[in-house]
Amino acid sequence: MQVAILIFDEVEVLDAMGPFEVFSVASRLRSADSDPFTVSLVARSNAIVTARGDLKLTPDAVFDDTAQYDLLIVPGGVTERAEADAETMHWLAVHGNSSKLVASVCTGAFLLAKAGILTNQTVTTHWEDTAALAEAHPTLTVLENIRWSKSENIYTSAGISAGIDLSLHLVEVMTSADRAQRTAKQMDYRWVRN
């Protein structure tokens, strides 16, 4: 199962790396008859991406990659430059419509809305950004005080660590409750269900 995580300069570290860890651990815990997860960090180019806090990330794939994804994860962070980048928005529009499942963490919802993937759904984001998301995209119903929201095949989560809770739920959706629970236990993580 192919999982793509978008990375861009000023991406929030845990928004991207929390889901990366969940799917990496879930892949290790698979049974002999289940599929592994292949997790790729995807960026505009092969250049090093500088996340928040100056963490350097190396992309596994670039936008001109024609791979198909079972799950596309769009983390947040400081998204304004990514939102203004036509190439990023085009890639998100293409893969947001072709991936089986799409998920955003935190302010990644702004990127999905700008790319036209979120149009009139019920969504959530970081508590500090719910009013701004509702104002910028008034056709969305923006909820507060929930860990994650689902509309059709699109999931959005609240801020930062909520992406881990959503990712564990997506492991459950894509495989089984047992595998998701074993993943949370292996990570020594207290899973907060929605």
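Relevant structure appears above.
Rules of the game
- Throughout this description, residue numbers start from 1 for each chain and increase along the sequence as written.
- In view of the model being predicted, local features appear only for residues whose pLDDT reaches at least 70, and side-chain atom pairs are presented and counted only at 80 or more, with totals across whole chains, interfaces and linings using the full set of residues.
- Heavy atoms throughout the structure, all of them, feed into the side-chain values; hydrogens and water do not.
- Within this scheme, the nonpolar core is defined by two criteria: the residues are buried Ala, Val, Leu, Ile, Met, Phe, Trp, Tyr or Cys, and they are joined through side-chain atoms within 4.5 Å.
- Think of it in three bands: with a 1.4 Å probe and only protein chains considered, a residue is buried below 20% of the maximum accessible area for its type, exposed above 50%, and partly exposed in between.
- What counts as a helix is a DSSP run of H or I of at least four residues, what counts as a strand is a run of E of at least two, and both are numbered from the N terminus.
- Any two residues whose heavy atoms approach within 4.5 Å at even a single point are treated as in contact.
- The arc in question is formed by the directions pointing from the helix axis toward the C-beta atoms.
- DSSP bridges decide pairing: two strands pair if at least two such bridges lie between them.
- Helix axes are fitted to C-alpha atoms over the stretch in contact, other axes to C-alpha atoms as well, and angles between N-to-C directions run from 0 to 180 degrees.
- An angle below 35 degrees is read as roughly parallel, one above 145 as roughly antiparallel, one from 65 to 115 as roughly perpendicular, and any other as oblique.
- Helix crossings fall into two classes, left-handed where the near helix is turned counterclockwise from the far one by less than a right angle and right-handed where it is turned clockwise.
- Classification used: nonpolar for Ala, Val, Leu, Ile, Met, Phe, Trp, Tyr, Cys and Pro, charged for Asp, Glu, Lys and Arg, polar for all others including Gly.
- How far a helix is expected to stretch is found by multiplying one less than its residue total by 1.5 Å.
- Aromatic rings from Phe, Tyr and Trp, with only the six-membered ring used for Trp, were paired whenever their centres fell within 6.5 Å, and each pair was classed as stacked if the ring planes differed by under 30 degrees, edge-to-face if by over 60, and tilted otherwise.
- For a lysine, the NZ atom is tested; for an arginine, the CZ atom; a charge sits over a ring if that atom is within 6 Å of the ring centre and within 35 degrees of the ring normal.
- Criterion for a salt bridge: a side-chain nitrogen of Lys or Arg within 4 Å of a carboxyl oxygen of Asp or Glu.

J.: Which residues make up the nonpolar core, and what are the values?
T.: By size, the foremost hydrophobic cluster in this structure holds 59 residues, and its most contacted members are Phe23, Leu71 and Leu92. Sort the elements by how many residues they give to this core and helix α6 (residues 162–174) lands first, with six residues. The residues touching leucine 71, leaving out its near neighbours within four places in the chain, are Gln2, Val3, Ala4, Phe23, Leu101, Val102, Ala103, Leu170 and Met174.

J.: Any details on helix α7 (residues 177–186)? Residues and values, ideally.
T.: Turning to α7, its buried residues number three or more, namely Arg179, Ala180, Thr183 and Ala184. Down the axis of α7, the buried side of the element spans an arc of 135 degrees, and every buried residue falls inside it. Tucked inside the fold, the buried residues of α7 contact α1 (13–28) and α6. Positive backbone phi, approximately 55 degrees, marks aspartate 188, located one or two places after α7.

J.: Break down the sheet that holds strand β11 (residues 154–157) for me, with residues and values.
T.: Strand order in the open sheet formed by seven strands is β5-β2-β1-β6-β7-β11-β10, and the pairing between neighbours is mixed. At either margin of the open sheet sits one strand with a lone partner, and together these are β5 (61–62) and β10 (148–151). Relative to the sheet, helix α3 (residues 86–98) contacts β1 (2–6), β2 (38–43), β6 (71–74) and β7 (101–105), its axis offset from that of β6 by approximately 145 degrees. The strands touched by α6 are β6, β7, β10 and β11; relative to β11, the strand with the most contacts, the crossing angle is about 155 degrees.

J.: Go over unusual backbone geometry, please, and point to the residues and values.
T.: Unlike most non-glycine residues, glutamate 152 shows phi in positive territory, near 60 degrees. Position of glutamate 152 among the secondary structure elements: in the loop between β10 and β11. Even without glycine at this site, aspartate 188 takes up a positive phi of about 55 degrees. With relative accessibility at 73%, the residue aspartate 188 sits in the exposed group.

J.: Tell me about the packing of α1 against α7, residues and numbers included.
T.: α7 packs onto α1 with a crossing angle of 110 degrees between their chain directions and a minimal axis gap of 9 Å. Viewed along their axes, α1 and α7 adopt a mutual orientation that is roughly perpendicular. Between α1 and α7 lies a crossing of right-handed hand. Within the contact between the two elements, α1 uses Val22, Val25, Ala26, Ser27 and Arg28 and α7 uses Arg179, Thr183 and Gln186. Partitioning the contact of α1 with α7 into residue classes produces three nonpolar, three polar and two charged.

J.: Would you mind going over α1 in detail, with residue names and values included?
T.: For α1, spanning 16 residues, the distance from its first C-alpha to its last is 22 Å, which sits close to the expected 22 Å at 1.5 Å a residue. Buried within α1 are the following residues: Asp15, Ala16, Gly18, Pro19, Val22, Phe23, Ser24, Val25, Ala26 and Ser27. Where α1 is buried, its residues touch β1, β2, β6, β7, α6 and α7.

J.: Mind laying out the packing of aromatic side chains, listing which residues take part and the relevant values?
T.: Each aromatic ring pair is described using two quantities: the centre-to-centre distance and the angle formed by the ring planes. For the structure shown, the criterion picks out four aromatic pairs. Seen from their ring centres, phenylalanine 23 and phenylalanine 37 are 4.9 Å apart, and the 70 degrees between their planes marks the pair as edge-to-face. You can see phenylalanine 23 sitting in helix α1 and its partner phenylalanine 37 sitting in the loop between α1 and β2, a full 14 residues away along the chain. The two residues phenylalanine 23 and phenylalanine 37 agree in class, both being buried. Each residue in the set Phe63, Tyr69 and Trp91 is aromatic and connected to the rest through ring pairs, giving one cluster. When the ring centre of tryptophan 191 is taken as origin, the NZ or CZ atom of arginine 193, which lies over that ring, is 3.8 Å away.

J.: Give me the pattern of salt bridges: which residues, what numbers.
T.: Per the counting criterion, the structure on display carries eight salt bridges. Between aspartate 165 and arginine 147 there is a salt bridge whose closest N-O contact spans 2.5 Å. With aspartate 165 in helix α6 and arginine 147 in the loop between β9 (141–143) and β10, the pair connects residues that are 18 residues apart, well separated along the chain. The class for aspartate 165 is buried, based on a relative accessible area of 0%. For aspartate 178, the salt bridge identified is with arginine 182, shortest N-O distance 2.9 Å. A residue pair is termed a helical-turn pair when its members lie 3 or 4 positions apart in one helix, as aspartate 178 and arginine 182 do in helix α7 at four residues. Relative accessible area serves as the criterion here: at 45%, aspartate 178 is assigned to the partly exposed category. Judged by relative accessible area, which is 31%, arginine 182 ranks as partly exposed. Salt bridges sharing partners connect three or more residues here, namely Glu10, Glu12 and Arg52.

Geometric values such as these leave the question of function open.
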